[in-house]
Amino acid sequence: MTRPRVGRMDADVVVVGAGPTGLLLAGDLARAGARVVVVERRPAGLSNLTRAFAVHARSLEVLDARGLADELLETGRRVRRIRVFGRVDVRLDALPGRFPFVLVTPQYEVERLLRRRAEDAGAEFRHGLRVTDVTQDDDGATVVAVEEGGGAPEAPVRLRAPWVVGTDGVRSTVRRATGIAFPGATVIRAMVLADVRLARPPEDALTVASAGGALGFLAPFGDDWYRFIGWDEALDHGGDGPVDLDEVRTLARATLGDDHGMAELRFGTRFAADERQATRYRAGRVLLAGDAAHVHSPAGGLGMNTGLQDAANLSWRLAAVVRGADDDLVDGYAAERHPVGTQVLRTSGTMLRLATRPGPTAAVLRAIGATLLSRVAAARRRAAASVSALGVRYPAPPGAHPAAGSRVPDLPLVPGPAGPRLAEALRAGRFVLVGPEAGPPEDVPRAPGELDAGGRVHVRRADGRDATLLVRPDGYLADARRPGSPASGTA
């Protein structure tokens, strides 16, 4: 909805929602010098006990480029294999990079580190505000909110900025107010989530199991607690009553074949599993990211990870636009991330249906899948690359090196102020020019938005290769050159 212009701006960007996606985005923007206000309905200090528990390799690389990965690793357990169909292991040990595993840790640990970083960078947090509307005009958008809690209603709070980003989850008020469609359906009405202690811990793996239309996940946190997610079609009545230990045990036996001596329940809830995606990620001055843009089943643990990677893609673009880059730079976010969101829905949906569909046909399909994964190494590699998101690649822009858009590994660098690894050089939040020589080469053209994103950090690669790489702030290749071959060559 377009409204008359209002002059005063309260921030450069208002981020609605203080989950992992919004916190990473706010921290990046604040570190880039933008004035950021984060609006969150929850009171300050209230933990977000949600279903997310897995941090995959690409997300750990994103956090490493922000100096947070090593600290996060101390909070959970590194799991190097995913057991599917009850008997096939997808090994993660061969994944490239520093993180050949999935880290099992509570979502609130991720939020804790990202929040601290955002606060240290100067982001302002406004807790206890429930957003009721978002309006916009040619110059900006206005977030309208009311104070949560009891007492007499107060006058609405209005926060105006050139840009608003909705990271406020599947029921996003920002998305609804902007009129962006969110087609899809609820595929499971009431999955059970529980944190439990086990008398008989299973092997050290993230287990995904199914039997006769029932589905179960079991993952170790590394502190004697395990996260269990389960669903049985025969027991799903769409209820919202409390989750008790007996119900969790019954679900575990139905799916895993063993309740592993579940003896204590510290947290239990129910949630619906939806499959939906916003038809677009931008409407004027308003953008969507994370669950506000896409939501899917918990199969694969892809939700929080996809949101973190959304934020990493959007943040440098939006920071550059705040500094003066053309608004069109932001459109590259949706062009790259919307197809990724679509693929994540397909991947998690396929996993869910394959695991939960009852009957002999589904059993045959599961057997075929198990045989393929157990006997074909290429299939296992593709599965690991898909779940970890290390296989994500964006289309190369016109005129760029054919490899542009691909993930750049954490290259070793000649020691210098930027650090000995590419991930450390990326912590400046700028483009990084990785060359074989001490002086910056002259033949790598500027990428769109590069100057407004703070220019280039120049570092020397220490791996003996002679290609020069221009790496975007989100760790993907912007362009590359080899000596004597300015338009092509192997990076």
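Every value quoted in this text rests on a predicted model; they were computed, and no experiment measured them.

Novice: How do you make sense of unusual backbone geometry when you look at a structure like this?
Specialist: Note: most residues except glycine have negative phi, and most peptide bonds are trans. Backbone geometry places His260, a non-glycine residue, at a positive phi of 55 degrees. Turning to its location among the elements, His260 is positioned in the loop between helix 6 (245-256) and strand 17 (262-277). By relative accessible area, which is 11% here, His260 ends up buried.

Novice: Just to check I follow, could you spell out the nonpolar core for this structure?
Specialist: The nonpolar side chains of soluble globular proteins are, as a tendency, buried together. In this structure, Val14, Val36, Met191, Leu206 and Leu318 are the most contacted members of the largest nonpolar core, which totals 117 residues. Of all the elements, helix 7 (residues 303-323) adds the most residues to this core, at 10 residues. Membership of the second largest hydrophobic core comes to 17 residues, among which are Val408, Val432, Val434 and Val459.

Novice: Explanation requested: the pattern of salt bridges in the structure shown.
Specialist: Two side chains bearing opposite charge may form a pair once their charged atoms approach each other closely. Across all of its chains, the model carries 41 salt bridges by this definition. Across the salt bridge formed by Asp466 and Arg482, the nearest N and O atoms sit 3.0 Å from each other. Taken together, the positions of Asp466 in the loop between strand 22 (456-460) and strand 23 (468-471) and Arg482 in the segment after strand 24 (477-481) put the pair 16 residues apart, joining distant regions of the chain. For Asp466, a relative accessible area of 30% translates into the label partly exposed. A relative accessible area of 28% places Arg482 in the partly exposed class. Taken together, the shared-partner salt bridges connect Asp64, Asp70, Arg98, Asp410, Arg421, Glu424 and Arg427 into one network.

Novice: What is the right way to look at the packing of aromatic side chains in this model?
Specialist: To describe a pair of aromatic rings, you give the distance between the ring centres and the angle between the ring planes. Counting across every chain of the model gives four aromatic pairs. Against the face of Phe182 rests Arg175, its NZ or CZ located 3.7 Å from the ring centre. Directly above the aromatic system of Trp163 lies the positively charged group of Arg285, at a separation of 4.9 Å from the ring centroid.

Novice: Mind showing me how you'd approach the sheet that holds strand 7 (residues 102-104) here?
Specialist: Strand pairing in a sheet relies on backbone hydrogen bonds. The paired strands run either parallel or antiparallel. An order of 3-7-4 is seen for the three strands of this open sheet, with the pairing classed as antiparallel. Whereas interior strands pair on both sides, the edge strands pair on one side only; in this sheet they are strand 3 (54-55) and strand 4 (77-79). Pairing of strand 4 with strand 7 involves three bridges; the strand directions are antiparallel. Looking at strand 7, one finds that Val79 is bridged to Val102.

Rules of the game
Once a new chain begins, its residue numbering starts again from 1 and follows that chain's sequence as written. Local features in this predicted model are restricted to residues of pLDDT 70 or higher, and side-chain atom pairs are both shown and tallied only at a pLDDT of 80 or more, whereas totals for entire chains, interfaces and linings draw on every residue. By convention in this description, side-chain values take in all heavy atoms of the structure and omit both hydrogens and water. Runs of H or I in DSSP of at least four residues are treated as helices and runs of E of at least two as strands, each being numbered from the N terminus. Under the scheme applied here, a residue whose accessible area is under 20% of the maximum for its type counts as buried, over 50% as exposed, and between as partly exposed, the area being computed with a 1.4 Å probe on protein chains only. The definition of a nonpolar core used throughout is a set of buried Ala, Val, Leu, Ile, Met, Phe, Trp, Tyr and Cys residues joined through side-chain atoms within 4.5 Å. What counts as a salt bridge is simple: a side-chain nitrogen of Lys or Arg found within 4 Å of a carboxyl oxygen of Asp or Glu. Aromatic rings from Phe, Tyr and Trp, taking only the six-membered ring of Trp, are treated as a pair when their centres fall within 6.5 Å; an angle between ring planes under 30 degrees marks them as stacked, one over 60 as edge-to-face, and anything in between as tilted. Two thresholds decide whether a charge sits over a ring: the Lys NZ or Arg CZ must be within 6 Å of the ring centre and within 35 degrees of the ring normal. At least two DSSP bridges between two strands are required for those strands to pair.

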